Amino acid sequence: MRTAVLWGVVRSALETIKREPAAGDVRSGRAAAGEPGPPVPLDIVDVGGGTGGFAVALAGLGHRITVIDPSPDALAALERRATEAGASDSVRAVQGDLGTVFDVLEPGSCDAVLCHGVLEYVEDPAEGCRSARGLLRPGGIASFLAANRTAVVLARALGGHVAEALAALHDPRGRFGAHDPVPRRFGEQALRDLVEQAGLTVHAVHGVRIFADLVPAAAIDVPVGSGPAANVADLLSLEAAASALPEFRAMATQLHVLAGLDEA
Ligand SMILES: C[S@@+](CC[C@H](N)C(=O)[O-])C[C@H]1O[C@@H](n2cnc3c(N)ncnc32)[C@H](O)[C@@H]1O
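Within each chain, residues carry numbers counting from 1 in the order of the written sequence. The predicted origin of the model limits local features to residues at a pLDDT of at least 70 and limits the giving and counting of side-chain atom pairs to 80 or more, whereas totals for whole chains, interfaces and linings rest on all residues. Side-chain descriptors were evaluated using all non-hydrogen atoms of the structure, hydrogens and water having been removed beforehand.

Teacher, can you tell me more about the overall build of the protein chain here?
Here a helix means four or more residues in a row that DSSP labels H or I, a strand means two or more in a row labelled E, and each is numbered from the N terminus. When you go through the protein chain residue by residue, the secondary structure sums to 11 helices and 7 strands. Residue contacts follow a heavy-atom distance rule, with two residues in contact if any of their heavy atoms lie within 4.5 Å. By sequence separation, contacts in the protein chain at least 24 residues apart represent 71% of the contacts at least 6 residues apart. All accessible-area figures derive from a Shrake-Rupley calculation using a 1.4 Å probe, and residue coverage is judged against the displayed protein chains alone. Here the protein chain displays about 12,600 Å² of accessible surface, and carbon together with sulfur accounts for 56% of that area.

Shown next as structure tokens:
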């Protein structure tokens, strides 16, 4: 539920990518089983893809996914997940990181790059965005998801940690203190600037988890349609409806920027 908006935006964006079939394009995932799939399987790189929740789901649509992650444990979990889903032929796990991605992948070799929950942790987010752009073929898309600094200010204040809320508000990296586990958070304009300065065109910005982290868990555990607004189906609709509205996405836990590399 927390990633439904993200999944919808990324899935729709992938459907807009036009690529000529190439040698070695084999229909896989659901498409191989005769179900509707993409006309051409896309090459997708999920940088910092972790245990592969997103990657394996995309493989299920019929795409080829390479997950780059520095964590051997995450990659082992990804391989298990891919095997269990019958997707191991279309998911490749590669140990590496955003800073050294061209040691393991060719520049201009993929149709889409996902960089979800990673810019917060890299040494140099500007360089990270340039690397993501460098992986793309013209006409490809890049999907960036990063922690929103406004949300942590709100969350700390709502939790009664007012001094930490104030600290996060003033800290250039949006951190609430030395014990904050997240090295960096972003405002919307800062994230857009990073993406544009890397040479990408921003297509859309969405807020992810605007309400999902605020609604009490007990309120979600009611049968769909039987409760007031706070049940899963209604919450999904609420998140989707508010995700593109600037006044709501400003307080989302995460900001999503969808961008593209223009055709030459
Ligand atoms: C918060 S998790 C996000 C995982 C996944 N992308 C998601 O959205 O659920 C951050 C991931 O980034 C990876 N990571 C940390 N530093 C990285 C770097 N410099 N380059 C690439 N990945 C990195 C971590 O190993 C971890 O799997």
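What's the story with the layout of surface pockets in this structure? I'm lost.
To locate leftover empty space, one rolls a probe as large as a water molecule over the atoms. By volume, the largest pocket amounts to about 430 Å³. Lining the largest pocket are 23 residues, and of these A151, V152, R209, D213 and T253 lie nearest its centre. Per element, the largest residue contribution to the lining of the largest pocket is 6 residues, and it comes from helix α6 (residues 149–158). In this classification, the charged set is Asp, Glu, Lys and Arg, the nonpolar set is Ala, Val, Leu, Ile, Met, Phe, Trp, Tyr, Cys and Pro, and all remaining amino acids, among them Gly, are polar. Residue composition of the lining of the largest pocket, grouped by class: 13 nonpolar, 4 polar and 6 charged. Of the two site types, the cavity is a set of points on a 1 Å grid over the protein atoms alone where a 1.4 Å probe fits but cannot get out, and the pocket is an open set with protein on both sides within 12 Å along at least five of seven lines, each lined by residues with an atom within 4 Å of a point. Grid points are joined across faces, edges and corners, and a volume is the space filled by probe spheres set on the points.

Looking at this structure, how should I read the nonpolar core?
Most often, soluble globular proteins keep nonpolar side chains buried together rather than apart. Formed by 32 residues in total, the largest nonpolar core has its most connected members in L119, L135, F144 and L200. When contributions to this core are tallied by element, the ones reaching two or more residues are β1 (43–47), β4 (110–116), α5 (125–135), β5 (136–147), α8 (188–197), β6 (201–208) and β7 (254–260). Element by element, the count of residues in this core is highest for β5, at 4 residues. When neighbours within four sequence positions are excluded, F144 is seen to be in contact with C115, H116, L119, C129, A132, V195, L200, L255, H256 and V257. Definition used in this section: a nonpolar core is a set of buried Ala, Val, Leu, Ile, Met, Phe, Trp, Tyr and Cys residues joined via side-chain atoms within 4.5 Å. Only protein chains enter the accessibility calculation, which uses a 1.4 Å probe. A residue is then buried if its area is under 20% of the maximum for its type, exposed if over 50%, and partly exposed in between. A13, L14, L114 and L145 belong to the second largest nonpolar core, which has 28 residues in total.

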